[in-house]
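So you can see what is in the structure, the chains are spelled out below.
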Amino acid sequence: MVKTLGLRLVRLLATVFAVSFLTFFMTSLLPGDPVDTIIPPGIGERDEVLVAQIREELGLNDPFLVRYGNWIGDVVQGDFGKSYVTDQPVLSEITARLPVTAELAIVAVLMSVFLAIPLGIASAYKQGKAVDNSISAVVQFLLSVPPFVVGIFLIWGLALQAGVLPATGWVRLTESLTGNIESVILPASALALSQLAVFTRLVRADMISTLQENYVLSARAKGLTDGYVLFRHAFRPSSLSLITVVGLNIGALLGGTVVIEQLFAVPGLGRKLLEAINTRDIIVVQGIVLFISAIYVIINTAVDLIYMVVDPRIRVKSA
Amino acid sequence: MNTSLPDTPLLEVENLSTTFMTPRGPLTAVNGVNLTLQKGQTYGLVGESGSGKTVFSRSMLQLNVSSNVQTTGSVKFQGEELLTKTRKEMQSIWGKEISMVFQDPMTSLNPVMKVGTQVIEHIRHHLGLGKKEARELGIELLRSVQIPEPEARMDVYPHECSGGMRQRICIAIALACGSKLLIADEPTTALDVTVQHQILNLLDFQRRDRDMSMVLVTHDLGVIAGRADHVAVMYAGRLVEVADTKTLFAAPKMPYTEALLRSIPRMDQPAHTRLLSISGRPPDLANPPKGCAFAPRCAYAQEQCENEQPPITTHADGSQSACWIPLGTPASRDALQKNLSAGRPQTLAMHNVASTTSEVK
Ligand SMILES: Nc1ncnc2c1ncn2[C@@H]1O[C@H](COP(=O)(O)OP(=O)(O)O)[C@@H](O)[C@H]1O
Ligand SMILES: [Mg+2]
């Protein structure tokens with residue numbers, strides 16, 4: 001068990017390093033000169049001596065590998081550099097925005113998972129009947145609509161027409177609990193609905209195959225109620241692919257926050273990332289992408305560990 | 001037995017039929033089955049794989065899984081009709097009045113739940129016991145099915161137990177709430193030969209000890225010998241012979257029963273002795289033959305057998321069979337002779353194996 005965990009940790013670190021390298025490589029390919037961010041060209045005359053000096057300070061003249069080495073060396077020590085635009089440490093920019101995106105993502109995941117489970121189970125239980133058909137139709141619809149369209153629709157319906165929720169903006173949890181809840185509902189729903197559709201399908205398919213298992217028949221033949229058999233006997237063995245896909249989808253979800261945060265004017269990491277790209281604030285882009293990838297890899301490692309909790313058979317195999 | 005009128009039978013099945021609506025048309029897996037089981041008795045239900053035993057035992061309890069299934073007839077348990085009961089009503093019979101033990105202990109326990117939970121969950125449900133009392137009872141049950149260190153076993157997962165151990169656990173589950181009837185569907189088919197006997201003996205002992213009745217389903221007549229009071233032989237969804245066990249073994253009336261008897265592995269023969277496996281395959285139930293379903297494989301079959309469905313008839317020794325030419329009659333000997341000289345392959349096959357087995361002896 002300890003050995004497995006150790007191995008996982010090594011793999012996790014290796015993945016994060018690989019990602020950091022790729023991020024650095026790709027951002028270095030972006031067109032535009034970071035110095036332009038600091039001293040915008042076209043406004044009066046540029047002091048070429050100053051430009052050269054800044055370039056030297058930022059190490060932009062070094063070969064690619066040296067630049068990467070310097071950057072990652074600092075990152076390992078917790079120094080992500082300073083924003084070219086705001087001159088603030090990148091890390092504090094990230095940590096200021098992170099709680100917003102994290103809340104959005106967590107609420108979206110919880111909403112989609114906790115709706116998908118009963119919907120998928122009901123659908124499988126009533127396979128081929130009216131309940132199943134209606135759930136499947138809604139799911140099909142949600143799958144074919146991208147989140148930002150759902151988002152626009154939600155803004156239009158619930159915020160502009162019904163006026164029950166704010167259309168855009170963000171109230172921090174520390175400012176007002178109800179305000180915070182109100183501001184998270186719409187963007188989280190927009191993110192959650194397409195995920196909800198995927199998860200519902202998954203739970204349905206897995207439940208249908210689990211319901212064919214002999215142990216489900218045995219459980220029924222013991223006289224246990226349908227609800228008990230469905231939730232206690234059939235759901236847990238059917239949840240493995242749900243857990244995997246939820247883990248994998250965190251990536252898509254974090255990506256989705258970029259668009260959704262923009263749409264709902266939510267001041268999260270995604271919005272910051274877009275800003276940074278627009279202003280060629282390369283070092284911020286690198287920091288945020290690395291941060292998000294690390295979160296993603298950590299979550300997927302956690303998913304592997306959750307497997308072992310859910311299915312005791314895996315525990316034995318990997319021990 | 002036929003002199004004293006017994007009070008209400010524990011289980012009375014009348015004209016039970018089960019049909020699946022398949023893409024290829026209706027498939028009648030159980031066809032007009034009648035069966036009466038008295039309290040405290042064991043009924044053996046025998047037939048090759050695919051003959052409809054599993055569907056029959058599930059049909060009695062409305063436990064068929066598919067939604068395209070239709071069951072007709074009557075199943076009375078202690079005089080009460082089961083087939084008209086709602087699912088809710090059945091849930092208070094399943095596991096409490098009638099319990100099942102299934103064929104494959106490797107798959108009939110939930111892999112992600114601890115053994116203990118699975119042993120006691122329905123005890124708590126049916127008998128309303130608290131967690132602690134139910135656990136005590138669970139440990140007691142595991143002990144009674146001879147599981148060593150029952151306390152420790154409560155907290156392991158099924159995959160940590162051997163096949164025999166798992167079947168013992170399944171039996172403990174079946175016994176837990178004091179069921180009056182146990183339906184064991186091939187309880188030992190998936191197990192090693194040595195374990196098979198232990199499990200069968202355990203079932204028999206527990207049944208007597210708890211004054212239960214049992215329907216013992218198997219494809220192996222050898223399993224039934226000495227353990228069942230009556231035997232029903234099933235072929236292609238119908239009962240083709242019903243008799244008390246002694247009579248059936250001593251004087252089978254139906255050629256199919258005879259063939260099954262010949263295919264019992266015997267302890268007194270060398271292990272590699274070739275067993276008679278019945279040549280040919282059972283008929284396609286979606287497309288059943290016009291006459292006796294066994295006729296195409298039968299050594300004795302005559303023209304009538306191919307064309308007309310034989311009715312169930314009762315013989316002088318009390319046994320019943322559905323056969324136009326019952327074994328032990330002059331007509332049966334004539335039919336065999338006639339088929340032999342005509343060179344009917346099924347007849348020759350049986351004859352050859354019959355002579356080689358007697359040489360081995
Ligand atoms: N759900 C089903 N749909 C269609 N046919 C079925 C279904 N279940 C069983 N059958 C058919 O019923 C017949 C009897 O099967 P079964 O009762 O399992 O036989 P046995 O238990 O004697 O081996 C087989 O021909 C099988 O194909
Ligand atoms: Mg079977």
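Residues numbered from 1 in each chain as written. Chains lettered and ligands numbered in written order. Predicted model: local features only at pLDDT ≥ 70, side-chain atom pairs only at ≥ 80, totals over all residues. Heavy atoms only, no water.

1. Regarding the interface of chain B and chain A
Item 1. On the chain A side, the residues contacting the 26 residues of chain B number 23 residues.
Item 2. Between chain B and chain A the total buried area reaches about 2300 Å² when both faces are included, carbon and sulfur atoms providing 57% of it.
Item 3. Taken together, the connections running from chain B to chain A amount to two salt bridges.
Item 4. Here B:E121 makes a salt bridge to A:K222, at a shortest N to O gap of 2.7 Å.
Item 5. Where chain B packs against chain A, one counts 14 residue pairs in polar contact (both at pLDDT 80 or more).
Item 6. Contributing elements (two or more residues each) for the side of chain B that touches chain A: α2 (87–91) and α3 (115–127) of chain B. (Contact = heavy atoms within 4.5 Å. Buried area = accessible area lost by both parts, 1.4 Å probe. Salt bridge = Lys/Arg side-chain N within 4 Å of Asp/Glu carboxyl O. Polar contact = N/O pair within 3.5 Å; in protein donor to acceptor, adjacent residues only side chain to side chain. Helix = DSSP H or I, 4+ residues; strand = E, 2+ residues; numbered from the N terminus.)

2. So, the UniProt feature "transmembrane region" (unreviewed entry) in chain A
All names here are of chain A.
Item 1. UniProt feature "transmembrane region" (unreviewed entry): in the numbering of this structure it lies at residues 12–30, 104–125, 137–164, 184–203, 240–264 and 284–310.
Item 2. Helix makes up 95% of residues 12–30 and strand 0%, and the two end C-alpha atoms of the span are 27 Å apart.
Item 3. From the first C-alpha to the last, residues 104–125 spans 32 Å; its make-up is 100% helix and 0% strand. (UniProt positions renumbered as here; feature names shortened; annotations may be inferred.)

3. With respect to the domain arrangement of chain A
Residues and elements named next belong to chain A.
Item 1. Structurally, chain A comprises domain 1 (32–79) and domain 2 (90–318).
Item 2. In this complex, domain 1 contributes six residues to the contact, which on the side of domain 2 involves nine residues.
Item 3. Between domain 1 and domain 2, a total of about 500 Å² is buried, with carbon and sulfur atoms accounting for 71% of that surface.
Item 4. Where domain 1 meets domain 2, there are zero salt bridges.
Item 5. On inspection of domain 1 and its partner domain 2, the count reaches zero residue pairs in polar contact (both at pLDDT 80 or more).
Item 6. Elements supplying a minimum of two residues to the side of domain 1 that touches domain 2: α2 (34–38) and α4 (64–76). (Domains from an automatic or database assignment.)

4. Describing the confidence of the model for chain B
All names here are of chain B.
Item 1. With 92% of its residues at a pLDDT of 70 or more, chain B has an overall mean of 91.
Item 2. At the low end of the mean pLDDT range in chain B sits helix α13 (residues 345–360), at 64; at the high end sits strand β6 (residues 98–101), at 98.
Item 3. Here residues 357–361 is modelled with pLDDT under 50, and outside its nearest four sequence neighbours on either side it reaches four contacts, counting other chains as well.
Item 4. If you check the scores for this complex, the pTM reads 0.84 and the ipTM reads 0.89. (pLDDT = per-residue confidence, 0-100.)

5. Remarks on helix α6 (residues 130–143) of chain A
All names here are of chain A.
Item 1. With 14 residues, α6 extends 20 Å from end C-alpha to end C-alpha; this agrees with the ideal 20 Å at 1.5 Å per step.
Item 2. Three or more residues of α6 are buried, namely D132, I135, V139 and L142. For α6, the buried positions fall inside an angular range of 95° around the axis, keeping them on one side. Of the residues in α6, the exposed ones pointing more than 90 degrees away from the buried face are A130 and F141. (Expected span 1.5 Å × (residues − 1). Buried < 20%, exposed > 50% of the residue type's maximum accessible area, 1.4 Å probe, protein only. Arc of directions from axis to C-beta.)

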